[in-house]
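# Examination of the molecular architecture
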Amino acid sequence: MAISQTNYVDITSAVAGASATGAPSLQHRRMTSGALTNLNGTPAVAGEVVTVTYGMLDILNDILGSSADRAFAQQYFAVKTTAPANKPSSLQFVHFDEDTTAVDAYILSRQANKNFGTFSIEGLQNESQTELTKLKNYHISYNVLHQLYIELDNKTGIDSLPVYTTFKDVPMTGFILSETAGEYKTVIPAALIDATDFEGRNTVNQVMYRQVSGMTPDVDNDIDKFRLDGQLVNYYGLTSVNATPLSFFQKGNLMGGVADPRDMMVAACEQWIKGKIASDLINTLVASRIPANQDGRTRISSIIINGAIQASLRSGAIIKLKELTQLQKEVIYDMTGDEMAAMDVFNNGYWLDVEIRTTVVDGVEEKHAHYVLIYSKADFVRKIVGSNNLI
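As a further point, take the layout of surface pockets. Vacant regions in the atomic arrangement are exposed by a probe of water-molecule size rolled over the atoms. Empty space within the largest pocket amounts to approximately 1,200 Å³. Together, 33 residues line the largest pocket, and Val258, Ala259, Ile374, Tyr375 and Lys377 are the ones closest to its centre. Where the lining of the largest pocket is concerned, the elements lending two or more residues are α8 (264–287), α10 (326–336) and β10 (364–375). In terms of residue class, the lining of the largest pocket is built from 19 nonpolar, 5 polar and 9 charged. Of the pockets and cavities examined, the second largest pocket occupies roughly 380 Å³. As for the second largest pocket, its lining consists of 16 residues, and the residues nearest its centre are Met208, Lys225, Thr239, Phe248 and Gln250. Those elements that provide at least two residues to the lining of the second largest pocket are α7 (222–230), β7 (233–241) and β8 (244–250). The dominant element in the lining of the second largest pocket, judged by the number of residues it contributes, is β7, at 4 residues. The residue inventory of the lining of the second largest pocket, partitioned by class, reads 6 nonpolar, 4 polar and 6 charged.

Structural data, given as structure tokens:
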């Protein structure tokens, strides 16, 4: 018999530095009237998220009751990025029925699971004005969280469609012409964004000019092109270079104002950066501590720089040496009060500052950290204009 060691040395074990949350996922969520079966083998209820991965393509008949949904999934996973090549990670389906509208099912699904980047709703073009307005008000209340893709089945008469007049000025909304029966052009930007490795090297690329095997171009003349471009409607178009037909997605535009991301991939980059910063900071709060002093400011800066910023510089979501306009320089100075901030954005691709402030919440004094990040977003060349001079 002996006295227990714990009276003198008592050691508690735990895993330190484990992450409570992972990196953000920008997979697509599809709202469908088709029947869904979850992995438990039971019919999915309205608003329930059923996830399909590439490895489940052979068992789609067991999961997706609609042939349209199966085609959507097959076309989605057929998309891949340019070099370095990558394929989408997963695709989410959410069921709606007569008792639960598509918009209500989307809201229910989002309340349960917010882990997606883009979404679309089957038949949204034909929804009532009441449902369109409900979705608009819900979608517009969230700042750069999810992109809504709205499918249009005809290239004419778009200006008079209720779905167009309702959403034409709504940020993070993209209209996509999908005129060919059985083809879902929405999968092109959705799958490309999901397939993008935002922590890889030189992996971020624009959505325009991307080609997908098996897709039929819906636009093949300048009249339709100019009209759709003016309406900011995206499409899969056909051109010809030296008598060789060439089809690709055009142009990757989103609706919104001057303060909103207007390019699908630029918006996706901000979605990922925002999600990555939030994930890294919450992991630190859960697993460690952030003191309310200079060390805390430095720690937050290091977490953001070593995580989201370095990954984005590597992937191309943030770029260095992009020329800034005089207006951009003035705006940067107004936001920072730092005469060198614009130069930092040019040379480094970003400017970051963290402050610790005292705030009273529910009568209790708390310390809050506030950060300001300014970064040079990835812009891509959409058109090349040349001048050949023979002497």
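Picking up where we left off.
Residue Lys251 follows Gln250 across a cis peptide bond; omega there is -10°. With respect to the helices, strands and loops of the structure, Lys251 is situated in the loop between β8 and α8. Phi at Val144 takes a positive value of approximately 50°, unusual for a residue other than glycine. Following the sequence through the fold, Val144 ends up in the loop between α4 (129–140) and β5 (147–152). The backbone of Leu321 shows a phi angle near 60°, a positive value even though the residue is not glycine. Along the chain, Leu321 falls in the loop between α9 (294–315) and α10.

The subject of this paragraph is the packing of aromatic side chains. For the coordinates displayed, the defined rule picks out 12 aromatic pairs. Taking the centre distance of 5.3 Å and the plane angle of 90° together, the rings of Tyr76 and Phe77 count as edge-to-face. Look at Tyr76 and you get buried, because its relative accessible area is 0%. Given a relative accessible area of 5%, Phe77 falls into the buried group. Geometrically, the ring pair formed by Phe116 and Phe119 is edge-to-face, given 6.1 Å between the ring centres and 90° between the ring planes. By relative accessible area, Phe116 is classed as buried at 2%.

What counts and how
Each residue is numbered by its place in its chain's sequence as written, counting from 1. This being a predicted model, a pLDDT of at least 70 is required before a residue's local features are given, and a value of 80 or more before pairs of side-chain atoms are given or counted; all residues contribute to the totals for chains, interfaces and linings. Hydrogens and waters are ignored; side-chain quantities use all the structure's heavy atoms. Grid spacing is 1 Å over the protein atoms alone, the probe is 1.4 Å, and a cavity is where that probe fits but cannot get out, while a pocket is an open set with protein on both sides within 12 Å along at least five of seven lines and lining residues have an atom within 4 Å of a point. Grid points are joined across faces, edges and corners, and a volume is the space filled by probe spheres set on the points. Strands here are runs of E lasting at least two residues and helices are runs of H or I lasting at least four, both read from the DSSP assignment and numbered beginning at the N terminus. In this classification, Asp, Glu, Lys and Arg are treated as charged, Ala, Val, Leu, Ile, Met, Phe, Trp, Tyr, Cys and Pro as nonpolar, and every other residue, Gly included, as polar. Each Phe, Tyr or Trp ring (for Trp, its six-membered ring) is paired with any other whose centre lies within 6.5 Å, and the angle between the two planes then decides the class: stacked below 30 degrees, edge-to-face above 60, tilted in between. Relative accessible area decides the class of each residue, using a 1.4 Å probe on protein chains only: under 20% of the type maximum gives buried, over 50% gives exposed, and in between gives partly exposed.

Keep in mind these numbers describe shape, not what the thing actually does.
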